[in-house]
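Residues per chain, in single letters:
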Amino acid sequence: GDGWNGASWSGLGQEGLAVADGYEERKSFVVPFAPPSPPPQLPPPPLPPLVPGEAVAHTPQGIRDEINKAVDQGRNASVFIPPGARLAFSSNVECSGDMHLSVRSSGEGATLDGKKSSNMFYISGGCSLYLEALHFVDGRSDDNGGAVRADGAGDIAM
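Residues numbered from 1 in each chain as written. Predicted model: local features only at pLDDT ≥ 70, side-chain atom pairs only at ≥ 80, totals over all residues. Heavy atoms only, no water.

Colleague: Even after reading the chapter, I still don't get the sheet that holds strand 11 (residues 128-132), so can you show me in this structure?
Modeller: The strands making up a sheet associate through hydrogen bonds between their backbones, and the pairing can be parallel or antiparallel. Strand order in the open sheet made by the 5 strands is 4-5-8-11-14, with parallel pairing throughout. Every interior strand has two partners, whereas the edge strands, strand 4 (55-56) and strand 14 (156-157), have only one. Pairing of strand 5 (residues 77-80) with strand 8 (residues 100-104) involves 4 bridges; the strand directions are parallel. Across the sheet, Phe80 pairs through a bridge with Arg104, a residue of strand 8. Here helix 1 (residues 60-73) sits on the sheet and contacts strand 4, strand 5 and strand 8; the angle it forms with strand 5, its principal contact strand, is near 155°. (Pairing = 2+ DSSP bridges. Helix = DSSP H or I, 4+ residues; strand = E, 2+ residues; numbered from the N terminus. Contact = heavy atoms within 4.5 Å. Axes fitted to C-alpha atoms, helices over the stretch in contact; angles between N-to-C directions.)

Colleague: Even after reading the chapter, I still don't get the side chain of Asn119, so can you show me in this structure?
Modeller: Within the element layout of this structure, Asn119 appears in the loop between strand 9 (110-113) and strand 10 (121-124). With a relative accessible area of 6%, Asn119 lands in the buried category. Among the polar contacts listed, one links the side chain of Asn119 to the side chain of Asn92, at a separation of 2.9 Å. Residues in contact with Asn119, not counting those within four places in the same chain, are Ser91, Asn92, Arg140, Ser141, Asn144, Gly145, Gly146, Ala147 and Arg149. (Buried < 20%, exposed > 50% of the residue type's maximum accessible area, 1.4 Å probe, protein only. Polar contact = N/O pair within 3.5 Å; in protein donor to acceptor, adjacent residues only side chain to side chain.)

Colleague: Just checking my understanding: could you explain unusual backbone geometry for this structure?
Modeller: Across the chain, the bulk of peptide bonds are trans and the bulk of non-glycine residues have phi less than zero. Even without being a glycine, Lys116 presents a positive backbone phi close to 60°. In this structure, Lys116 sits in the loop between strand 9 and strand 10. Under the relative-accessibility criterion, Lys116 is labelled exposed at 60%. The backbone phi angle of Asp138 is positive, close to 50°, even though this residue is not glycine. Checked against the element boundaries, Asp138 lands in the loop between strand 12 (134-137) and strand 13 (148-151).

Colleague: When you look at the sheet that holds strand 12 in this model, what are you seeing that I'm missing?
Modeller: Reading across from one edge, 6-9-12 is the order of the 3 strands in this open sheet, with parallel pairing throughout. Strands at the two margins of the open sheet, each flanked by one partner only, are strand 6 (86-88) and strand 12. Shown here is a sheet whose adjacent strand axes are inclined to one another by a mean of 20°, direction ignored. Summarising the sheet, strand 9 and strand 12 pair through 4 bridges and their orientation is parallel. Considered in strand 12, the bridge of Ala110 is made with Leu134.

Okay, structure coming up:
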């Protein structure tokens, strides 16, 4: 342990500081500062309850995958993006045909980033789109819709 053992001190990162028997002697040493340990990281908050059949997406491809599954199964597509997430788009997500696409977050919302190179959604052929708690940034289009381009789309609700 740390402390004196006879005339020898050990501890605090020091070994072998000794005082000869019968003598008084001063020794000094610097104890390096050790910052306190950081507090333990808390687990992320749980996701709010998902709507039955809703898929969680962390990337634009996750949204595309849910649309493709919905088309294959003949149903509507529903996607939840976790609050605080930021999805970077290099190309838009397309939805066409007679279906309803719901893309939502909750709380602080999620950010959809077009990286100044793309809009985020291209909706056509009767597809309806519902958007909730989403922040659109840096969307771009040379002709129509920096965030959402709608051409022959169904209803769009934000």
